Amino acid sequence: MALSEKEVFYVADLAHLDLTEEEVKMFGPQLDAVLEYVQKLSQLDTTGVEPMAQVTHAAAENSSLRDDVSKPTFTQEEALQNAPEAGSGSFKVPQVIDRE
Amino acid sequence: MDNLTNLTIEEIHGALAKREASAEEIARAHIDRIRTDDPRVRSYLSTCEEKALEQARAVDRQIAAGEPLRPLSGVPVAVKDVILTRGLRTTCASKILENYMAPYDATAVQRLESAGAVILGKTNCDEFAMGSSTENSGFYPTHNPHDLTRVPGGSSGGSAAAVAANLATVSLGSDTGGSIRQPAAFCGVVGMMGTYGRVSRYGLVAFASSLDHIGPFGRSVRDVARTMKVIAGRDALDSTSADISVDDYEKSLDGNVRGVKVGVPNEYFEGLNPDIRANVEKGIKLLEKLGCKIVPIRLPHTEYAIGCYYIICTAEASSNLARYDGVRYGFRAAEFSGLRDMYRKTRDQGFGPEVKRRIMLGTYVLSSGYYDAYYLKAQKVRTLIARDFVEAFDDVDVIVTPTSPIPPFKLNEKLDDPLQMYLADIYTVTASLAGIPGISVPCGKLPGEPPLPVGMQIFARYFDESRLLQVADAFEKAGGFSVS
């Protein structure tokens with residue numbers, strides 16, 4: 001298989017990455033090599049094998065649930081301290097909705 | 001005492017108890033050594049000298065007041081920079097988090113501090129823990145203390161190098177596909193990953209959530225066992241942490257491994273550096289001499305592990321790293337037109353090449369039309385790999401393998417060929433996929449100048465960390481770290 005430049009741009013778009021032309025030229029063949037390598041898995045017959053999403057250990061039912069009680073959490077100031085742009089107690093983002 | 005930076009935890013506690021050294025003197029000795037030696041090794045990204053000295057003085061006050069020592073009282077530790085430390089910069093070695101100040105402590109960090117540890121600083125790593133050499137750091141590479149022209153391994157290369165160079169007594173790393181065990185092997189120290197769920201990941205910046213672990217490095221198995229005991233156990237803040245009691249690991253370090261069944265899988269002894277193979281075989285001989293029973297075993301799906309791992313970890317990474325959008329924290333591109341363009345430019349400028357490669361790969365394998373062929377297939381293969389181990393552990397108590405098929409390589413040697421870099425993880429990703437615990441211990445040196453360390457890896461059953469540490473400790477006591 002060979003990943004076309006168009007496909008690389010398509011995937012970058014899905015991933016919200018604004019790749020440069022040079023990056024696309026570099027990543028294309030590298031991703032291709034990895035995808036070709038992982039084709040190896042198709043040699044294995046996995047009929048009837050359950051997929052494993054997570055390692056799970058025996059535990060009591062609902063053991064990961066906690067009591068529904070409120071606890072102190074970050075102050076507004078703490079929550080906003082790392083924001084690239086904040087104001088009026090909120091995260092600031094570029095305008096999302098266009099005004100006609 | 002003349003040298004305060006090469007002590008074990010027990011030696012530190014001996015010195016504190018006999019008033020031969022104060023915790024402040026020990027912390028200061030490490031800070032001084034970091035100043036003189038770390039410009040060459042570059043294991044730290046940031047240090048917190050004032051905080052460290054304050055923590056050390058608090059320990060000294062407790063000793064003066066006659067309070068008993070806690071498990072890590074006065075022990076200088078380093079923390080990988082993917083683990084949150086309140087009030088200290090936590091960058092994940094990424095430009096996208098260059099100025100991120102963690103608003104809370106990871107549970108593992110909070111437990112270290114409650115046990116009396118003195119945190120010296122944050123260590124370098126591959127960006128977001130993605131890599132096997134620490135060359136993918138967004139800031140600078142770390143150098144292997146045994147040969148500064150070579151990599152320390154990765155992704156926890158800074159944590160491994162800091163302990164190897166006596167710039168910390170123990171350290172925390174994270175392991176997703178070998179990121180503790182492989183740099184431990186490359187730097188000649190002990191590095192351990194517990195069972196999946198043994199250590200809380202609350203406050204560990206997520207890379208691949210079904211595979212991520214926090215674990216310790218040390219220069220002795222006992223130091224690692226003690227640190228592991230401190231950080232292990234159920235945490236209500238991480239629903240994947242197991243509600244299973246934690247053994248007193250140091251009690252299992254009795255040196256008696258007579259009758260322990262050691263599985264040796266043929267699949268891990270093919271196509272590797274012949275000198276590494278020879279050393280690990282000598283290590284196995286030593287275990288046999290100690291009374292272990294050596295049992296040849298099969299782990300037939302080993303050859304599929306790299307393919308399986310790189311599909312699953314990139315898929316999870318592409319999802320986990322979607323949060324870096326320039327809104328709530330981290331870097332935001334300076335120029336853009338509109339919200340969507342802001343996301344795209346922020347992410348392209350903020351992430352380094354390996355992170356982008358993995359996001360792209362993960363996005364591809366999850367995308368419409370490819371999900372079944374890649375992601376679902378990999379999850380099924382993961383079941384087979386895990387089953388190999390469960391079946392093998394019907395017959396044996398531990399499994400012994402080399403940690404890495406190759407010795408520490410030269411800086412820049414593999415940087416242009418990501419697939420070759422991925423293939424070097426072949427012996428470590430298997431345990432990550434299965435979720436069993438693993439440890440890498442030093443196993444002699446390679447011939448040549450300077451002599452480079454070799455690592456031997458041990459796996460055990462789910463939650464059988466005691467057995468893992470017992471065998472590793474018996475190996476250390478019998479001189480296994482310097483087999484020749």
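Residue and element names in this part refer to chain A. A cluster of nonpolar residues, Val 93, Val 96 and Ile 97, forms a patch on the protein surface that exposes about 300 Å² of accessible area. As for its placement among the helices and strands, Ile 97 is situated in the segment after strand S2 (90-91). Note on Ile 97: relative accessible area 67%, which makes it exposed.

This part takes up the packing of helix H1 (residues 9-17) of chain B against helix H7 (residues 221-231) of chain B. All names here are of chain B. Contact geometry of H1 with H7 gives a least axis separation of 8 Å together with a crossing angle of 80°. Regarding the angle of H1 to H7, the classification is roughly perpendicular. Contacts between H1 and H7 involve Ile 9, Glu 10 and His 13 on the former and, on the latter, Arg 222, Asp 223, Arg 226 and Thr 227. Here the contact of H1 with H7 is built from residues that sort into one nonpolar, two polar and four charged.

Residues and elements named next belong to chain B. Relative to the 18 Å expected for 13 residues at 1.5 Å per residue, helix H15 (residues 465-477) spans 18 Å between its end C-alpha atoms, a close match to the ideal helical length. Buried residues dominate H15, accounting for ten of its 13 residues. Of the residues making up H15, those classed as buried are Glu 465, Ser 466, Leu 468, Leu 469, Gln 470, Val 471, Ala 472, Asp 473, Ala 474 and Phe 475. The inward-facing, buried residues of H15 contact strand S5 (190-193), H7, helix H8 (274-289), strand S9 (398-402), strand S10 (438-445) and strand S11 (453-460). Positive backbone phi, approximately 90°, marks Gly 479, located one or two places after H15.

Moving on, we come to the domain arrangement of chain B. Residue and element names in this part refer to chain B. Domains assigned within chain B are domain 1 (9-252), domain 2 (261-300 + 384-482) and domain 3 (307-371). Taken together, the contacts link 46 residues of domain 1 with 49 residues of domain 2. For the pair domain 1 and domain 2, the two sides together bury roughly 3600 Å², of which 62% comes from carbon and sulfur. At the boundary of domain 1 and domain 2, one finds zero salt bridges. On inspection of domain 1 and its partner domain 2, the count reaches 20 residue pairs in polar contact (both at pLDDT 80 or more). Counting residues per element, the side of domain 1 that touches domain 2 draws most heavily on helix H6 (residues 181-187), which supplies six residues. Residues of the side of domain 1 that touches domain 2, tallied by class, amount to 19 nonpolar, 18 polar and nine charged.

To continue, consider the pattern of salt bridges. Applying the stated criterion across every chain yields a total of 31 salt bridges over all chains. Residue Glu303(B) is joined to Lys40(A) by a salt bridge in which the shortest nitrogen-to-oxygen separation is 3.0 Å. Note that Glu303(B) is positioned in the loop between strand S8 (293-297) and helix H9 (305-320) and Lys40(A) in the loop between helix H2 (21-38) and helix H3 (76-80), a pairing that runs across two chains. Taking the relative accessible area as the measure of exposure, Glu303(B) reaches 41% and is therefore partly exposed. On the basis of relative accessible area, Lys40(A) is assigned to the partly exposed category, the value being 21%. Where Glu281(B) meets Arg277(B), a salt bridge forms, and the shortest distance between an N and an O atom there is 2.9 Å.

Residues and elements named next belong to chain B. Phe 128 and Phe 389 are the most contacted members of the largest nonpolar core, which has 180 residues in total. Here this core gets ten residues from one element, more than from any other, and that element is H9. Setting aside residues no more than four positions away along its own chain, Phe 389 makes contact with Tyr 268, Leu 299, Ile 399, Thr 430, Ala 431, Ala 434, Ile 436 and Phe 459. Counting residues in hydrophobic clusters, the runner-up holds five residues, among them Phe 186, Phe 409, Leu 411 and Met 421.

Criteria and thresholds
- Residues numbered from 1 in each chain as written.
- Chains lettered and ligands numbered in written order.
- Predicted model: local features only at pLDDT ≥ 70, side-chain atom pairs only at ≥ 80, totals over all residues.
- Heavy atoms only, no water.
- Patch = residues over 30% accessible without salt bridge, like charges linked within 9 Å, V, L, I, M, F, W, Y side chains within 5 Å.
- Areas by Shrake-Rupley, 256 points an atom, 1.4 Å probe, with all protein chains shown as cover.
- Salt bridge = Lys/Arg side-chain N within 4 Å of Asp/Glu carboxyl O.
- Helix = DSSP H or I, 4+ residues; strand = E, 2+ residues; numbered from the N terminus.
- Buried < 20%, exposed > 50% of the residue type's maximum accessible area, 1.4 Å probe, protein only.
- Axes fitted to C-alpha atoms, helices over the stretch in contact; angles between N-to-C directions.
- Parallel < 35°, antiparallel > 145°, perpendicular 65-115°, else oblique.
- Contact = heavy atoms within 4.5 Å.
- Nonpolar A, V, L, I, M, F, W, Y, C, P; charged D, E, K, R; others polar.
- Expected span 1.5 Å × (residues − 1).
- Domains from an automatic or database assignment.
- Buried area = accessible area lost by both parts, 1.4 Å probe.
- Polar contact = N/O pair within 3.5 Å; in protein donor to acceptor, adjacent residues only side chain to side chain.
- Core = buried A, V, L, I, M, F, W, Y, C linked by side-chain atoms within 4.5 Å.

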